[in-house]
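Survey of secondary and tertiary structure
Residue-level listing of the chains:
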Amino acid sequence: MESSAVGTELSTMLSQLLDDAEIHGLHRLSGGASRETWRFEADGRPLILQRQRAGDERDMLIEAGVVRAAGRGGAPVPALLDARRRDDGMAFMILEAIDGETIARKILRDDDFADARSRLVGDFGTALARIHALDVATISGLQQTDQVQYYTDVLDGLGQPHPVLELVRNWLIDTRPPAGRATLVHGDFRLGNMIVGRDGLRAVIDWELAHLGDPMEDLGWLCVKAWRFGATPPVAGLGRYDELFAAYEEAGGAPVDPVVVHWWEVLGTWKWAVMCILQASVHLTGAARSHELAAIGRRVCENEYDLFAALEGHW
Amino acid sequence: MTAPHDAPNANELLEAVREWIDRELIPGTEGRLRFHARVAANVLGIVEREIELGPGQAAAHEARLARLGVGSDAELAAAIRRRDFDDRADELRALLLESVLDKLAVANPRYVTGAG
């Protein structure tokens, strides 16, 4: 239950938006500086509210458009009931709540998910093929950025030069695959952003990083070592590369060149190293004091080690 | 002990707090608080290892930088971006891997064996 003033105000707003439905059990699931996720029931139907304060660099209404298009295209996503921006700049989405687990370590280790684990790599390949087949002309506001350039700028802005990251940056520039057809890219397709049930993948969530780009980016990111959460198999800690590629192609995805996926896996590992430096700097600059964020700064060397492992024989 | 301080030394103090977190705080908590207690114990472990290994690692790092003819990681990073080391690639990679392994020996020694 949520008895605070914020909760009361939200309940009133939700009831008005949902045809005077009775709102029960409103509680916050997670929240950051600019974005919050709440769960509630409207006339007994479990729903999710995501809201974003004015001024966030990402536009939640673009994300809402992507979720709507993905649902129409047969990708597993929660149904979108409403999305709008209020006069005060606050943007929000109301989505169907889907039962299941999002915590990666549970999905990878709990007995409840043993059957799901044997299916998930196939489910991921199928879902990605559907996402990449969506007609991007029907989705507004998608950006396409050069990620090597973007994260180089982030790294330079942090003022903590890392020789290993420069070495890998040179490799990324020298071996960059030719640009192919740009598709919708989820942008953060990994355990943690999936709702998984005993029967396998139920929904892909957290579309805020969706953009236009090389579809192989999603396949490579799914294989980054950090997203194996300590498990051995390369694809999300769950399965083999060839299983993912076969499922993707069978569901209508473009033929996969493993060399290109490997490039994106290296790019993803490099990018995650930069993001670890960034997270520690959030603590160090005082934006959010947290020993958890501080400790992430000492994980940069894990990524550097992973980069050496991923590039062994490829330099 | 480092004069003029009394025992326990810095490392022994950190160890004492870390043992308390592991033995009493973590079993007595759950959820987010338990996770953050684990992170805290882990951070103290990093500091303990850095106190122990740091001085030797700093000297080894100086020697690596000297071998490459640069004065700092910042200089080295800039030189790599300028492609100054393209003709010494094997040597550079071997030295950089040594640095990474030293950092891991402090930050997460189990990572290299796959257990971390």
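Conventions adopted
Residues numbered from 1 in each chain as written. Chains lettered and ligands numbered in written order. Predicted model: local features only at pLDDT ≥ 70, side-chain atom pairs only at ≥ 80, totals over all residues. Heavy atoms only, no water. Helix = DSSP H or I, 4+ residues; strand = E, 2+ residues; numbered from the N terminus. Rg over C-alpha atoms; globule rule 2.2 N^0.38 Å. Buried < 20%, exposed > 50% of the residue type's maximum accessible area, 1.4 Å probe, protein only. Contact = heavy atoms within 4.5 Å. Areas by Shrake-Rupley, 256 points an atom, 1.4 Å probe, with all protein chains shown as cover. Lys, Arg positive; Asp, Glu negative; His and termini not counted. Charge placed at Lys NZ, Arg CZ, Asp CG, Glu CD. 1 Å grid on protein atoms, 1.4 Å probe; cavity = no way out; pocket = protein on both sides within 12 Å on 5 of 7 lines; lining within 4 Å. Points joined across faces, edges and corners; volume = space filled by probe spheres on them. Buried area = accessible area lost by both parts, 1.4 Å probe. Salt bridge = Lys/Arg side-chain N within 4 Å of Asp/Glu carboxyl O. Polar contact = N/O pair within 3.5 Å; in protein donor to acceptor, adjacent residues only side chain to side chain.

The helix and strand inventory of chain B stands at four helices and zero strands. Along chain B, helices (α) and strands (β) appear in the sequence α-α-α-α when read from the amino end. Against the compact-globule benchmark of 13 Å for 116 residues, chain B has a radius of gyration of 19 Å, which places it well outside the compact range. Dimensions of chain B along its principal axes, counting C-alpha atoms only, are 55 × 40 × 25 Å. Within chain B, buried positions represent 29% of all 116 residues. Taking the contacts inside chain B whose residues are at least 6 apart along the sequence as the reference set, 49% of them involve residues at least 24 apart. With the model as given, the accessible surface of chain B reaches about 7100 Å², and the carbon-plus-sulfur share is 56%. Across chain B, the centroid of the 15 positively charged side chains sits 7 Å from that of the 20 negatively charged ones.

Time to look at the layout of surface pockets. Its volume calculated, the second largest pocket comes out at about 700 Å³. In terms of lining, the second largest pocket is formed by 27 residues, of which the most central are His-162 and Arg-298 of chain A together with Asp-73, Ser-99 and Lys-103 of chain B. Counting residues per element, the ones that place at least two in the lining of the second largest pocket are α6 (163-174), α9 (258-284) and α11 (300-311) of chain A together with α2 (31-68) and α4 (89-107) of chain B. Per element, the largest residue contribution to the lining of the second largest pocket is seven residues, and it comes from α4 of chain B.

We now examine the interface of chain B and chain A. Facing the 28 residues of chain B at the interface are 24 residues of chain A. Between chain B and chain A, a total of about 2400 Å² is buried, with carbon and sulfur atoms accounting for 63% of that surface. Where chain B touches chain A, the interface holds six salt bridges. Among the salt bridges present, the one from Asp-156 of chain A reaches Arg-81 of chain B, with a minimum N-O distance of 2.9 Å. Along the contact surface separating chain B from chain A lie eleven residue pairs in polar contact (both at pLDDT 80 or more).

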